[in-house]
Amino acid sequence: MYTLYYCPETAAMAPLILLEELGADYRLEPVDLRRGAHREPRFAAINPEMKIPALVEADGRIVCETAAILVHLAAREGGAHLMPAPGDPAHGPFWQWLFRLTNSVQTAFALYYHADQYCEGEGARADLVTCAEARLDGGFERLDRALGDGPWFLGEAYTLIDPFLYTLSCWGGPMIQPPATYPNIAAFRARMEERPAVRRVMEIEAGGIGA
């Protein structure tokens, strides 16, 4: 059984969707970020970066970082079809966009929501938030254009990119143009929410930290 250290409205949603998609045996270990539980020694021992998510296997081995957890779970739980194989024309684009999501989009959200962790002074923080929002706007415009009519990000094949993109598209509510309002992303979200795994995760998210 896997243990997923989890908090609603975080990147933990993506591996949670995947666990449901794969029918893997797992349990959730809630971590209340608002209470600062991620900074407590018990969780810091799991992930010294003190970030959600973290995945613990039955033998105690730990995997952190959202994209790494997705790839690890797919490889371990019969999800190889969710990663285009070498020789598949989608192989390069798959890795390109997966790394783009984690290195660029997710990082920009960290700057947008946690500017106080990167600079001091109200003015500097406000400038950083503005720059991060501009970066996110450009990033989601490109993602929307690349997605097109889908149905999934790489076309007909559902891949690990899709639960990750769905998760990131749930963020940015305070932005002038939240990610979910881009037309192709909005249509993609509707298709995602028809999947039983996503509906189940939406129920878990709605239940809050005690889910």
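Residues numbered from 1 in each chain as written. Predicted model: local features only at pLDDT ≥ 70, side-chain atom pairs only at ≥ 80, totals over all residues. Heavy atoms only, no water.

Here's the deal with helix H7 (residues 183-192)
And step 1. Regarding H7, the residues found buried are Ile185, Phe188, Arg189 and Met192. Down the axis of H7, the buried side of the element spans an arc of 100°, and every buried residue falls inside it.
And step 2. Where H7 is buried, its residues contact helix H5 (122-147), helix H6 (161-169) and helix H8 (196-206). (Buried < 20%, exposed > 50% of the residue type's maximum accessible area, 1.4 Å probe, protein only. Helix = DSSP H or I, 4+ residues; strand = E, 2+ residues; numbered from the N terminus. Arc of directions from axis to C-beta. Contact = heavy atoms within 4.5 Å.)

Examining unusual backbone geometry
And step 1. Note that the residue after isoleucine 52, namely proline 53, is joined by a cis bond; omega there is 10°.
And step 2. Tracing the backbone shows proline 53 in the loop between helix H2 (41-44) and strand S3 (54-56).
And step 3. Omega for the peptide link from glycine 150 to proline 151 comes to 10°, which places this bond in the cis form.
And step 4. Within the element layout of this structure, proline 151 appears in the loop between H5 and H6.
And step 5. With phi around 65°, glutamate 9 is a residue other than glycine that occupies positive phi space.
And step 6. Turning to its location among the elements, glutamate 9 is positioned in the loop between strand S1 (2-6) and helix H1 (13-22).
And step 7. The phi dihedral of glutamate 65 is positive, around 75°, even though this residue is not glycine.
And step 8. Judged by its relative accessible area of 49%, glutamate 65 falls in the partly exposed class.

Topic: the packing of helix H4 (residues 91-113) against H5
And step 1. H5 packs onto H4 with a crossing angle of 150° between their chain directions and a minimal axis gap of 8 Å. Accordingly, the angle class assigned to the pair H4 and H5 is roughly antiparallel. Considering how the two elements wind past one another, H4 and H5 form a crossing that is left-handed. Of the residues in H5, those touching H4 at Trp97, Arg100, Leu101, Asn103, Ser104, Val105, Ala108, Phe109, Leu111 and Tyr112 are Leu128, Val129, Ala132, Glu133, Arg135, Leu136, Phe140, Arg142, Leu143 and Ala146.
And step 2. Considering only residue class, the contact of H4 with H5 consists of 14 nonpolar, two polar and four charged. (Axes fitted to C-alpha atoms, helices over the stretch in contact; angles between N-to-C directions. Parallel < 35°, antiparallel > 145°, perpendicular 65-115°, else oblique. Left-handed = near helix turned anticlockwise from the far one by under 90°. Nonpolar A, V, L, I, M, F, W, Y, C, P; charged D, E, K, R; others polar.)

Some thoughts on the side chain of serine 104
And step 1. Examined against the element boundaries, serine 104 turns out to sit in helix H4.
And step 2. Under the relative-accessibility criterion, serine 104 is labelled buried at 19%.

Regarding the packing of H5 against H7
And step 1. At a minimum axis separation of 8 Å, H5 and H7 run at an interaxial angle of 65°. As H5 runs across H7, the sense of the crossing is left-handed. Here H5 contributes Phe140, Asp144 and Leu147 to the contact with H7, which in turn contributes Pro183, Asn184, Ile185 and Phe188.
And step 2. Partitioning the contact of H5 with H7 into residue classes produces five nonpolar, one polar and one charged.

Regarding the sheet that holds strand S2 (residues 26-30)
And step 1. Taken together, four strands build an open sheet; the order of strands is S2-S1-S3-S4 and the sheet is mixed. Whereas interior strands pair on both sides, the edge strands pair on one side only; in this sheet they are S2 and strand S4 (62-64). Across this sheet, the average inter-strand angle for adjacent strands is 20°, counted without regard to direction.
And step 2. Pairing of S3 with S4 involves three bridges; the strand directions are antiparallel. Its bridge partner lying in S4, valine 56 is registered against isoleucine 62.
And step 3. Running at roughly 150° to S1, H1 makes contact with S1 and S2 of the sheet.
And step 4. Each of S1, S3 and S4 touches helix H3 (residues 66-76); the most contacted strand, S4, lies at about 130° to it. (Pairing = 2+ DSSP bridges.)

Some remarks on H8
Along an α-helix, a turn takes 3.6 residues, which lines up residues three or four apart on a common side.
And step 1. Listed as buried for H8 are Ala197, Val198, Val201, Ile204 and Glu205. In a view along the axis of H8, the buried residues occupy a sector of 115°, so they form one face of it. Across from the buried face of H8, at angles greater than 90 degrees, the exposed residues are Pro196, Glu203 and Ala206.
And step 2. Looking at the buried positions of H8, the neighbouring elements they touch are S1, H1, S2, H6 and H7.

A short note on the side chain of serine 169
And step 1. By secondary structure assignment, the location of serine 169 is in helix H6.
And step 2. For serine 169, a relative accessible area of 1% corresponds to the buried category.
And step 3. In terms of polar contacts, serine 169 uses its side chain to reach the backbone carbonyl oxygen of tyrosine 166, at 2.7 Å.
And step 4. In this structure, serine 169 is in contact with Phe140, Pro179, Ala180, Ile185 and Arg189, ignoring residues within four places of it in sequence. (Polar contact = N/O pair within 3.5 Å; in protein donor to acceptor, adjacent residues only side chain to side chain.)

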